[in-house]
Amino acid sequence: MPDPNSLPADYAPLLTEIKARIHAARIKAGLAANRELLALYWDIGRLILQAQETRGYGKQVVERLAADVQRAFPGIAGFSPLNVWRMRAFYAAHAKATPILSPPVTESRNTANLPPAVTASNGKPSTVSMPPEPFASLPWSHNLLLLHKLESSDDRLWYAARALNFGWSRNVLALQIESQLHVRQGNAVTDFAATLPPAQSDLAQDITKDPYLFDFLALRDGANERAVEDGLIQHVEKFLLELGAGFALVGRQVHVEVSHRDFYLDLLFYHLTLRCFVVIDLKVGEFTPEAAGKMNFYLSAVDERFKQPGDQPSIGLILCRSKDRVIAEYALRDLNKPIGVSDYVTRLVDSLPESLEGSVPSVAELEQALSDGQP
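Reading the values: the criteria
Residues numbered from 1 in each chain as written. Predicted model: local features only at pLDDT ≥ 70, side-chain atom pairs only at ≥ 80, totals over all residues. Heavy atoms only, no water. Helix = DSSP H or I, 4+ residues; strand = E, 2+ residues; numbered from the N terminus. Buried < 20%, exposed > 50% of the residue type's maximum accessible area, 1.4 Å probe, protein only. Contact = heavy atoms within 4.5 Å. Areas by Shrake-Rupley, 256 points an atom, 1.4 Å probe, with all protein chains shown as cover. Patch = residues over 30% accessible without salt bridge, like charges linked within 9 Å, V, L, I, M, F, W, Y side chains within 5 Å. Salt bridge = Lys/Arg side-chain N within 4 Å of Asp/Glu carboxyl O. Arc of directions from axis to C-beta. Phe/Tyr/Trp six-rings, centres within 6.5 Å; stacked < 30°, edge-to-face > 60°. Pairing = 2+ DSSP bridges. Core = buried A, V, L, I, M, F, W, Y, C linked by side-chain atoms within 4.5 Å. Polar contact = N/O pair within 3.5 Å; in protein donor to acceptor, adjacent residues only side chain to side chain.

(A) Structural view of the overall build of the chain. A tally of helices and strands in the chain yields 14 helices and 7 strands. Within the chain, buried positions represent 39% of all 375 residues. The contacts of the chain with a sequence gap of at least 6 include a subset with a gap of at least 24, amounting to 64%. Total accessible area on the chain stands at roughly 21,900 Å², and carbon and sulfur atoms take up 56% of it.

(B) Spatial organisation of a nonpolar patch on the surface. On the surface, a nonpolar cluster with roughly 510 Å² of combined accessible area is contributed by Leu 7, Tyr 11, Leu 14, Leu 15, Ile 18 and Ile 22. Taking relative accessible area as the criterion, Ile 22 reaches 49% and is therefore assigned partly exposed.

(C) Main features of helix α11 (residues 236–243). Buried within α11 are the following residues: Phe 239, Glu 242 and Leu 243. Axial view of α11: buried residues confined to an arc of 100 degrees, hence all on one face. The first or second residue beyond α11 is Gly 244, which carries a positive phi of 115 degrees.

(D) Main features of the packing of aromatic side chains. If you walk through the whole model with that rule in mind, you get 17 aromatic pairs. On the basis of an interplanar angle of 35 degrees and a centroid distance of 6.1 Å, the ring pair of Phe 166 and Trp 168 is categorised as tilted. On the basis of relative accessible area, Phe 166 is assigned to the partly exposed category, the value being 42%. Between Phe 214 and Phe 216, the aromatic rings sit 5.9 Å apart at their centres with planes inclined by 50 degrees, giving tilted as the arrangement. Relative accessible area serves as the criterion here: at 0%, Phe 214 is assigned to the buried category. Each residue in the set Tyr 212, Phe 214, Phe 216, Phe 239, Phe 247, Phe 269 and Tyr 344 is aromatic and connected to the rest through ring pairs, giving one cluster.

(E) Spotlight on the pairing of strand β5 (residues 276–282). With 7 of 7 residues buried, β5 lies mostly within the body of the structure. The side-chain alternation of β5 yields two buried faces, one formed by Cys 276, Val 278, Ile 280 and Leu 282 and the other by Phe 277, Val 279 and Asp 281. Following strand β4 (residues 261–271), the chain reverses through 4 residues before pairing antiparallel with β5; Arg 275 in that reversal takes a positive phi of roughly 60 degrees. In terms of strand pairing, β5 meets strand β6 (residues 315–320) through 5 bridges, oriented parallel. Looking across to β6, one finds that Asp 281 is bridged to Ile 318.

(F) Looking closely at the side chain of Thr 346. In this structure, Thr 346 sits in strand β7 (residues 339–348). A relative accessible area of 10% places Thr 346 in the buried class.

(G) The pattern of salt bridges, seen in detail. If you walk through the whole model with that rule in mind, you get 16 salt bridges. Among the ionic pairs, Asp 68 bridges to Arg 71, the shortest N-O distance being 2.3 Å. Residue Asp 68 and its partner Arg 71 are both found in helix α2 (residues 59–72); the two are separated by 3 residues, about one turn of the helix. Within this structure, Asp 210, Lys 323, Arg 325 and Asp 343 form a network of salt bridges that share partners.

(H) How the structure looks around the nonpolar core. Of all hydrophobic cores here, the largest spans 32 residues; its most connected members are Leu 146, Tyr 159 and Leu 173. At the level of secondary structure, the elements contributing two or more residues to this core comprise α1 (11–55), α2, α3 (81–94), α4 (140–149), α5 (153–166) and α6 (170–178). Broken down by element, this core gets its largest block of residues, 6 residues, from α1. Ignoring anything within four residues of it in the chain, the contact list for Tyr 159 reads Leu 146, Leu 150, Trp 168, Leu 173, Gln 176, Ile 177, Gln 180, Leu 181 and His 182.

(I) A look at the environment of Ala 292. Following the sequence through the fold, Ala 292 ends up in helix α12 (residues 289–305). When the C-alpha positions of Ala 292 and Asp 281 are compared, they lie 9.9 Å apart, and in sequence the two are 11 residues distant. When neighbours within four sequence positions are excluded, Ala 292 is seen to be in contact with Phe 287, Ile 318, Ala 331, Leu 332, Leu 335 and Ile 339.

(J) The arrangement of the side chain of Asp 303 in detail. When you line up the elements, Asp 303 lands in helix α12. Within the structure, the side chain of Asp 303 is placed 2.6 Å from the side chain of Ser 314, a separation counted as a polar contact. With residues up to four places along the chain from it excluded, the contact list for Asp 303 reads Pro 313, Ser 314 and Lys 337.

(K) Structural detail: unusual backbone geometry. Pro 134 follows Glu 133 through a cis peptide bond whose omega is 5 degrees. Of note, the amide linkage connecting Asp 210 to Pro 211 takes the cis form, showing an omega dihedral of 0 degrees. Structurally, Pro 211 is set in the loop between α9 (198–207) and β2 (212–219). A positive phi angle is found at Gln 253, which is not glycine, with a value near 50 degrees. Among the secondary structure elements, Gln 253 is positioned in strand β3 (residues 247–258).

So, in structure tokens, the structure goes:
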């Protein structure tokens, strides 16, 4: 083992760069392997569907086909009868919206170094195709989840695009589907269209949700704003996941002084995509018009004291237990600061001891514990 003290001074940066290159290459190889696997599954699904449509093959033939493939390639996973049926479902779900990306394999003038053209059983050159994006870039497990949990092709595309864009794991994708994110996303009452430039307005609207699901919080009926805030910070990772990509926590109870008086912002974030501060004001009751005026004041103070050159105007989100959408729209109508109003949902627990408040597991957590064999 070489003496670390005898290594040149620039050895550490060299090692760091090589390790980064290896890591990037492994990711690239994994992505390429995933695309090849999906292309194979897509093509098998196409062949089976075509055979069923043209020759009337039924369940028995397909399951025999799966067994024969397993015997021909022992030790290779992924060709159980169930998974072969999934390949067919994968192709059938997306085929109509997919152009053939590669032309038929035919002879050309440079054939010396090319493999023989693959032919179908009818003697014609085989057509090679790929599943459409973004499905082609997602793991097989993600694609199966989209197939099993969603009926609409539009909904599948919506979740697939976001899973790819934000790098969601399968568990996060499942959570977002179960919470009906596609219904909640961008649904807050806002005045963004009137207070922000068009491009910024659309992006800002898209980061909102209505309602926000804070089901990781267990709060007694009558809990105050501080209890909600404490619970959100205690579960900050889950809180940030529900807020969505791009939110960075700046602080809680952030002090702002105006005219020698002290004010405190419940939660202050910076949004990395919008390039602006986001002030969140928590309300344990129903939305009132006074909350909009208070937020307008907070945003003026934040823009004055925290906003830097290049930052976009700060945005306010008022999160409340409930709201009347018409009242919220009237309250925001003539304000000059970008403000959104959304509901949030927690799990109310009757007679919960204060020492346990916020720590009761959710139904999903209990189900996971049972599936893992925990008591």
